[in-house]
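Fold and contact review
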Amino acid sequence: QNTIGLLAGILTAIASLPQLIKIIKEKKPTDLSAFMLIILIAGFCFWIWYGILKDDLPILITNSFSLIVNSSILGLKFYYSKDKKILKCAFNNRKQ
């Protein structure tokens, strides 16, 4: 069970790496929802908190790594964005 959980955590943690690498290479964070990234980052924070409460190192390590990767993606989205009002757009992203 621990092996399966660790493997799931590792795969989940590295899942966003290709997106981060693409943004770094192309300097174009297009079609990424800032709101989705904010929610995802909040989820990782709760997973880290849970890992601390449970004293579960695999949960702590994999979710800390995911937090770093996805926070980097969000930061690069802001940094490379042509529209500097991205926070406003993040919450009003509906097309009418």
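Everything quoted here is computed from the prediction, not taken from an experiment.

**Overview of unusual backbone geometry**
In this structure, Lys27 is a non-glycine residue whose phi angle is positive, near 55°. Relative to the elements of secondary structure, Lys27 occurs in the loop between helix 2 (17-26) and helix 3 (34-54). Judged by relative accessible area, which is 46%, Lys27 ranks as partly exposed. In this model, Asp55 sits at a positive phi of 55°, which is unusual for a non-glycine residue. With respect to the secondary-structure elements, Asp55 resides in the loop between helix 3 and helix 4 (57-80).

**Here we look at the nonpolar core**
Among the nonpolar cores identified, the biggest contains 10 residues, and these are Leu20, Ile23, Leu32, Ala34, Leu37, Ile41, Val69, Ile73, Leu74 and Leu76. Contacts of Leu74, omitting those with residues within four sequence positions, involve Ala34, Leu37, Ile38 and Ile41.

**Structural notes on the environment of Ala15**
Here Ala15 shows up in the loop between helix 1 (2-14) and helix 2. Using a relative accessible area of 55% as the deciding quantity, one classes Ala15 as exposed. For the pair formed by Ala15 and Val69, sequence separation is 54 residues and the distance between their alpha carbons is 9.6 Å.

**Section: the environment of Phe44**
Its location among the elements puts Phe44 in helix 3. The buried category is assigned to Phe44, whose relative accessible area is 8%. Residues Phe44 and Leu67, spaced 23 residues apart in sequence, show a C-alpha to C-alpha distance of 5.8 Å. Sequence-distant contacts of Phe44, that is, excluding residues within four places in its chain, are made with Asn63, Ser66, Leu67 and Asn70.

**Some words on the environment of Thr3**
Mapped onto the fold, Thr3 is located in helix 1. The class of Thr3 is exposed, set by a relative accessible area of 64%. Counting along the chain gives 55 residues from Thr3 to Pro58, while the straight-line C-alpha distance between them is 9.9 Å.

**Some words on the side chain of Asn63**
Relative to the helices and strands, Asn63 is located in helix 4. A distance of 2.9 Å separates a polar side-chain atom of Asn63 from the backbone oxygen of Ile59. Contact partners of Asn63, with chain neighbours within four places excluded, come to Phe44, Trp47 and Ile48.

**Some words on the side chain of Thr62**
By the secondary structure assignment, Thr62 is in helix 4. Overall, Thr62 belongs to the buried group, its relative accessible area being 10%. A polar side-chain atom of Thr62 sits 2.8 Å from the main-chain carbonyl oxygen of Pro58. If near-sequence neighbours (up to four positions away) are discounted, Thr62 is found in contact with Gly9, Ile10 and Ala13.

Scoring rules and cut-offs
Residues numbered from 1 in each chain as written. Predicted model: local features only at pLDDT ≥ 70, side-chain atom pairs only at ≥ 80, totals over all residues. Heavy atoms only, no water. Helix = DSSP H or I, 4+ residues; strand = E, 2+ residues; numbered from the N terminus. Buried < 20%, exposed > 50% of the residue type's maximum accessible area, 1.4 Å probe, protein only. Core = buried A, V, L, I, M, F, W, Y, C linked by side-chain atoms within 4.5 Å. Contact = heavy atoms within 4.5 Å. Polar contact = N/O pair within 3.5 Å; in protein donor to acceptor, adjacent residues only side chain to side chain.

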